[in-house]
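# Architecture at a glance
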Amino acid sequence: MTGRQPKIDLENIPAPAEGLLVTHFLIVRNVARSRAFYADVLGGQVVLEENPCIVKLANSWIIMNPGGGPTPDKPDIAVVPYEPSNEVSSFLNLRVADIDACYRDWKAKGADFVTEPIDRGAEVRCYMRDPDGYLIEVGQATGMLEGKFAKKRPEDLPG
C-alpha cells in the first residue's frame, strides 16, 4: 500500500449489532495475493484492502494479515504464516449448492485442487489449497439430505 487510505466497505464490516458472528483469520505471506484468491477466484467481496484485509465470502468473512510478534493482549504468542505440509489440524470448509460448477469455475480461475470432486455417499467433496497452502474443503450435501451417511472405514472403528 502507498500513503493512500485503504478502500473500505463500511456496510460489510463484520461488526454485529447484537450476539456474535464468526470470521476466519488467516496469517498470510502476501496479502494482495491472498485477497485476489478469496475475491477473484472464490467470488468474495473485498471489505477492507488491508491492515487487516477483510473479504466477505458468502455469509462469513476471511480476515488476512501477515502476522507478527507478541502484543499486550497476547504477550507470549507470535502469529506466523502456515508452513504447508500434508498434515493439518484445521481447515476451512465451504458448503456449496453445485460442486461441479464451483470446481470448474474455480479451477479455470487458478484454484489448486488436490482432487476432482469425489462422491462419499453423504456428500460430494474435494479439497484445494489457497496461495499459502491452507487446506480448503469444498462439499455439497447429497445423501445426507436423505439420511444417508458415509460408511465407517475399518480403521476408523474402535478396537
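Details of the structure are given in the entry above.
None of the values given here were measured: they were computed from a predicted structure.

Moving on: the overall build of the protein chain. A count of helices and strands for the protein chain gives two helices and nine strands. Reported as C-alpha extents along the three principal axes, the dimensions of the protein chain are approximately 55 × 35 × 35 Å. When burial is assessed residue by residue, the protein chain has 35% of its 159 residues classed as buried. Sequence separation of at least 24 residues holds for 52% of the intrachain contacts in the protein chain that already meet a minimum separation of 6. Both charge centroids of the protein chain, one from 18 positive and one from 23 negative side chains, sit 3 Å from each other.

Inspection of every chain in the model, using the stated rule, returns seven salt bridges. Here glutamate 137 ties to arginine 95 by a salt bridge, and the two come within 3.4 Å at their closest N and O atoms. Here glutamate 137 is found in strand S9 (residues 135-141), whereas its partner arginine 95 is found in strand S5 (residues 92-95), with 42 residues between them in sequence. Judged by its relative accessible area of 6%, glutamate 137 falls in the buried class. Put simply, Arg29, Arg33, Glu83 and Asp132 are held in one network by salt bridges that share partners.

In this model, asparagine 51 is joined to proline 52 through a cis peptide bond whose omega is -10 degrees. Note on placement: proline 52 falls in the loop between strand S2 (45-48) and strand S3 (53-57). Positive phi, close to 65 degrees, is recorded for asparagine 51, a residue that is not glycine. The residue asparagine 51 is located in the loop between S2 and S3 in this model. Of note in the backbone geometry, alanine 58 takes a positive phi value of approximately 55 degrees without being a glycine. With respect to the helices, strands and loops of the structure, alanine 58 is situated in the loop between S3 and strand S4 (60-65).

What follows is about the environment of isoleucine 136. Inspection of the secondary structure puts isoleucine 136 in strand S9. Not counting residues within four places of it along the chain, the set of residues in contact with isoleucine 136 comprises Phe37, Tyr38, Leu92, Leu94, Cys126, Tyr127, Met128 and Asp130.

This paragraph deals with the nonpolar core. Tyr38, Leu42, Trp106, Met128 and Val138 are the most contacted members of the largest nonpolar core, which totals 31 residues. Of all the elements in the fold, those that place two or more residues in this core are strand S1 (23-27), helix H1 (31-41), S3, S4, S5, helix H2 (99-108), strand S8 (123-129) and S9. For methionine 128, the residues in contact, after removing those within four places along its chain, are Phe37, Leu42, Leu94, Trp106, Ala111, Asp112, Phe113, Val114, Tyr134, Leu135, Ile136 and Val138. Ranked by size, the runner-up nonpolar core spans five residues in total, among them Val47, Leu48, Ile54 and Trp61.

By the definition in use, this model includes four aromatic pairs. Measuring from centroid to centroid gives 5.7 Å for phenylalanine 91 and tyrosine 127, while their planes differ by 80 degrees, and the two rings are edge-to-face. Of the two residues, phenylalanine 91 is situated in the loop between S4 and S5 and tyrosine 127 in strand S8; the sequence distance between them amounts to 36 residues. The class for phenylalanine 91 is partly exposed, based on a relative accessible area of 35%.

Picture the strands of a sheet paired through backbone hydrogen bonds; they go either parallel or antiparallel. Pairing is mixed in the open sheet, where four strands are placed in the order S1-S4-S3-S2. The outermost strands of the open sheet, each flanked by one partner alone, are S1 and S2. Here the strands of the sheet are splayed against their neighbours by 25 degrees on average, with no regard to which way each runs. Relative to S4, S1 runs parallel, the two sharing five bridges.

Here is what the cut-offs are and how they apply
Residues numbered from 1 in each chain as written. Predicted model: local features only at pLDDT ≥ 70, side-chain atom pairs only at ≥ 80, totals over all residues. Heavy atoms only, no water. Helix = DSSP H or I, 4+ residues; strand = E, 2+ residues; numbered from the N terminus. Buried < 20%, exposed > 50% of the residue type's maximum accessible area, 1.4 Å probe, protein only. Contact = heavy atoms within 4.5 Å. Lys, Arg positive; Asp, Glu negative; His and termini not counted. Charge placed at Lys NZ, Arg CZ, Asp CG, Glu CD. Salt bridge = Lys/Arg side-chain N within 4 Å of Asp/Glu carboxyl O. Core = buried A, V, L, I, M, F, W, Y, C linked by side-chain atoms within 4.5 Å. Phe/Tyr/Trp six-rings, centres within 6.5 Å; stacked < 30°, edge-to-face > 60°. Pairing = 2+ DSSP bridges. Axes fitted to C-alpha atoms, helices over the stretch in contact; angles between N-to-C directions.

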